[in-house]
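Coordinates in review
These are the residues of each chain, in order.
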Amino acid sequence: MIRHLLIAFTIALCSLFVALPAWAGSYLDRASLLLDEARREGDMLLPRTHDKELIMVVHALAEARARVASKMECPASVTRAHPHLLLVLENSERAADAAAQGNFKKFMEHLTVARNEDRAFRAILAELGYALPDLGSKR
């Protein structure tokens, strides 16, 4: 009887260690998607801050990304990095808002902060032994 309990406990413990990296992997996939899109939109908006329709679309998407990330579950193994992800997305949204208001200086300030926070997020992940997956097209 004790032997069966010990075997069951060992199997349960092993499955716990197998499940945690998968959850961190899911978080990393989601974070990578959010960061990749935020960077793309910032790059696209940079030379086009005069295009009001584009700004409107980018701002709506940036708001949605920030809202989703704030509700996203974060595995304990990467909780130190998560605030930087939130700062990237919040500053991306603020940059789009500044562009909508025609304030190029504020747009650039928030875009720069977002990119610095992106680097900090990636550096902390690397320090913790994780890396974001590459979302590049595999055609």
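This text gives an overview of the structure that appears in the document. (Residues numbered from 1 in each chain as written. Predicted model: local features only at pLDDT ≥ 70, side-chain atom pairs only at ≥ 80, totals over all residues. Heavy atoms only, no water.)

**Let's talk about the environment of Ala123**
This is how it is decided: Note on conventions: DSSP H or I runs of at least 4 residues are helices, E runs of at least 2 residues are strands, and numbering of each starts at the N terminus. The rule is simple: take the accessible area with a 1.4 Å probe, protein chains only, and divide by the maximum for that residue type; under 20% is buried, over 50% is exposed, in between is partly exposed.
One can find Ala123 in helix H4 (residues 104-127). With a relative accessible area of 44%, Ala123 lands in the partly exposed category. As for Ala123 and Ala81, which are separated by 42 residues in sequence, their C-alpha atoms are 8.7 Å apart.

**Comments concerning the side chain of His82**
Rules: Note on contacts: a residue pair is in contact if any heavy atoms of the two residues lie within 4.5 Å.
Looking at the element boundaries, His82 is found in helix H3 (residues 82-100). When residues no more than four places from it in sequence are discounted, the contact partners of His82 are Tyr27, Ala69, Met72, Cys74 and Phe121.

**Structural notes on the nonpolar core**
Here is the rule: Here the nonpolar core consists of buried residues drawn from Ala, Val, Leu, Ile, Met, Phe, Trp, Tyr and Cys, with membership extended through side-chain atoms lying within 4.5 Å.
Judged by nonpolar contacts, the single largest core of 20 residues is most densely connected at Tyr27, Leu85, Leu89, Phe121, Leu125 and Leu132. Tallying contributions element by element places helix H1 (residues 2-45) first for this core, with six residues. Setting aside chain neighbours within four positions, we find Leu132 in contact with Leu28, Ala31, Ser32, Leu35, Phe121, Arg122 and Leu125. Among the nonpolar cores identified, the runner-up in size contains 10 residues, and Leu54, Ile55, Ala96 and Ala99 belong to it.

**Re the packing of aromatic side chains**
Centre-to-centre distance and the angle between the planes together describe a pair of aromatic rings. Test applied: Ring pairs are drawn from Phe, Tyr and Trp, using the six-membered ring of Trp, whenever the two centres fall within 6.5 Å, and their geometry is named by plane angle: stacked under 30 degrees, edge-to-face over 60, tilted for the rest.
Enumeration over the complete set of coordinates arrives at one aromatic pair. Ring plane angle 35° and centroid distance 5.8 Å describe the contact between Phe104 and Phe107, whose orientation is recorded as tilted. Here Phe104 and its partner Phe107 are both found in helix H4, three residues apart, which amounts to about one turn of the helix. On the accessibility criterion, Phe107 (1% relative accessible area) is buried.

**Notes on the packing of helix H2 (residues 52-71) against H3**
How we decide: Angles here are taken between N-to-C directions and fall from 0 to 180 degrees, while the axes themselves are lines fitted to C-alpha atoms, restricted in helices to the stretch in contact. Comment on the angle field: the value is read as roughly parallel under 35 degrees, roughly antiparallel over 145, roughly perpendicular from 65 to 115, and oblique elsewhere. In a left-handed crossing the near helix is turned counterclockwise from the far helix by less than a right angle, and in a right-handed crossing that turn is clockwise. Polar here means any residue outside two lists: the nonpolar Ala, Val, Leu, Ile, Met, Phe, Trp, Tyr, Cys and Pro, and the charged Asp, Glu, Lys and Arg; Gly therefore counts as polar.
Running from amino to carboxyl end, H2 crosses H3 at an angle of 155°, the nearest separation of the two axes being 8 Å. The pairing of H2 with H3 is recorded here as roughly antiparallel in orientation. The handedness of the crossing between H2 and H3 is left-handed. On the side of H2, the interface is formed by Lys52, Ile55, Val58, His59, Ala62, Glu63, Arg65, Ala66, Ala69 and Ser70, while H3 contributes His82, Leu86, Leu89, Glu90, Ser92, Glu93, Ala96, Asp97, Ala99 and Ala100. The residue makeup of the contact of H2 with H3, split by class, is 10 nonpolar, four polar and six charged.

**What to know about the packing of H3 against H4**
Closest axis-to-axis distance for the H3/H4 pair is 8 Å, and the angle between their directions is 165°. Between H3 and H4, the crossing angle belongs to the class labelled roughly antiparallel. Crossing of H3 over H4 shows left-handed handedness. Packed against H3, whose contacting residues are His82, His84, Leu85, Leu87, Val88, Asn91, Ser92, Arg94, Ala95, Ala98 and Ala99, the element H4 presents Lys106, Phe107, His110, Leu111, Val113, Ala114, Glu117, Asp118, Ala120, Phe121 and Ile124 at the interface. Residue classes in the contact of H3 with H4 are distributed as 13 nonpolar, five polar and four charged.

**A look at the pattern of salt bridges**
Where charged atoms of side chains with opposite charge meet at close range, the side chains can pair. Applicable threshold: For this document, the term salt bridge refers to a Lys or Arg side-chain nitrogen within 4 Å of an Asp or Glu carboxyl oxygen.
In total, this model carries six salt bridges according to the counting rule given. Salt-bridge contacts for Arg80 lead to Glu127; the nearest nitrogen and oxygen are separated by 2.4 Å. With a gap of 47 residues between them, Arg80 in the loop between H2 and H3 and Glu127 in helix H4 connect regions that are remote in the sequence. Using a relative accessible area of 57% as the deciding quantity, one classes Glu127 as exposed.

**Focus: the side chain of His59**
Applied cut-off: What qualifies as a polar contact is a pair of N or O atoms within 3.5 Å, subject to a donor-acceptor requirement within protein and to the restriction that residues adjacent in sequence count only when both atoms come from side chains.
By the element assignment, His59 lies in helix H2. On the accessibility criterion, His59 (15% relative accessible area) is buried. A polar contact is formed between the side chain of His59 and the side chain of Glu93, at a distance of 2.7 Å. Those residues within four positions of His59 in sequence are excluded, and the remaining contacts are Glu93, Ala96 and Asp97.

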